[in-house]
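Residue-level structure breakdown
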Amino acid sequence: MTIKTSKKAALTNAEKQKRFRDKQKDNGKKEVRGYLTAEAIECYAKISDQTDWNDSVILSNAIRITYAAYKNGQIGLLNNWLTQNKL
């Protein structure tokens, strides 16, 4: 009696990353990249420490809050507050 074992070739790290990105895209998510200012890094650290949110949640909420301020005519107020508080 012989036992056949079939091994699949292991995926490379790049293939795993591509598969993950494709799955996220299929779920309607979009990858956004950028660089943070020193002020933004401070804010990020405080938000992360207090909420335990990951990068995706922090970024999604930041965009949603900014959009809400824009839609409610409060974007100027938000920008002024950020400037006055040196953030």
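Residues numbered from 1 in each chain as written. Predicted model: local features only at pLDDT ≥ 70, side-chain atom pairs only at ≥ 80, totals over all residues. Heavy atoms only, no water.

A few words on the overall build of the protein. The secondary structure content of the protein amounts to 4 helices and 0 strands. The N-to-C order of helical and strand elements in the protein reads α-α-α-α. Projected onto its principal axes, the C-alpha coordinates of the protein cover approximately 80 × 25 × 20 Å. Expressed as a percentage of its 87 residues, the buried residues of the protein come to 5%. By element, 55% of the accessible surface of the protein is carried by carbon and sulfur atoms, the whole surface being about 8,600 Å². If you average the places of the 16 positive and of the 9 negative side-chain charges in the protein, the two averages end up 10 Å apart. (Helix = DSSP H or I, 4+ residues; strand = E, 2+ residues; numbered from the N terminus. Buried < 20%, exposed > 50% of the residue type's maximum accessible area, 1.4 Å probe, protein only. Areas by Shrake-Rupley, 256 points an atom, 1.4 Å probe, with all protein chains shown as cover. Lys, Arg positive; Asp, Glu negative; His and termini not counted. Charge placed at Lys NZ, Arg CZ, Asp CG, Glu CD.)

Let's shift gears to the pattern of salt bridges. Per the counting criterion, the structure on display carries 2 salt bridges. With its nearest N and O atoms 2.9 Å apart, the salt bridge here joins Glu31 to Arg33. Its relative accessible area of 71% is what places Arg33 among the exposed residues. (Salt bridge = Lys/Arg side-chain N within 4 Å of Asp/Glu carboxyl O.)

Before going further, it helps to spend a moment on the layout of surface pockets. Each pocket or cavity is described by its volume, and for the largest pocket that value is around 1,600 Å³. Of all elements in the fold, only helix H1 (13-26), helix H2 (38-51), helix H3 (55-71) and helix H4 (75-84) reach the threshold of two or more residues within the lining of the largest pocket. Here the lining of the largest pocket gets 10 residues from one element, more than from any other, and that element is H3. The class makeup of the residues in the lining of the largest pocket is 17 nonpolar, 7 polar and 9 charged. (1 Å grid on protein atoms, 1.4 Å probe; cavity = no way out; pocket = protein on both sides within 12 Å on 5 of 7 lines; lining within 4 Å. Points joined across faces, edges and corners; volume = space filled by probe spheres on them. Nonpolar A, V, L, I, M, F, W, Y, C, P; charged D, E, K, R; others polar.)

Let us look at a nonpolar patch on the surface. A cluster of nonpolar residues, Val32, Leu59 and Ile63, forms a patch on the protein surface that exposes about 250 Å² of accessible area. With respect to the helices, strands and loops of the structure, Val32 is situated in the loop between H1 and H2. (Patch = residues over 30% accessible without salt bridge, like charges linked within 9 Å, V, L, I, M, F, W, Y side chains within 5 Å.)

Let us now look at unusual backbone geometry. Although it is not a glycine, Asp52 adopts a positive phi angle of roughly 60°. Positionally, Asp52 belongs in the loop between H2 and H3. At Lys86, a residue that is not glycine, the phi angle is positive and equals roughly 55°.

The next thing to look at is the side chain of Ser48. You can see Ser48 is positioned in helix H2. With near-sequence residues (within four places) excluded, Ser48 lies in contact with Trp53 and Ile58. (Contact = heavy atoms within 4.5 Å.)

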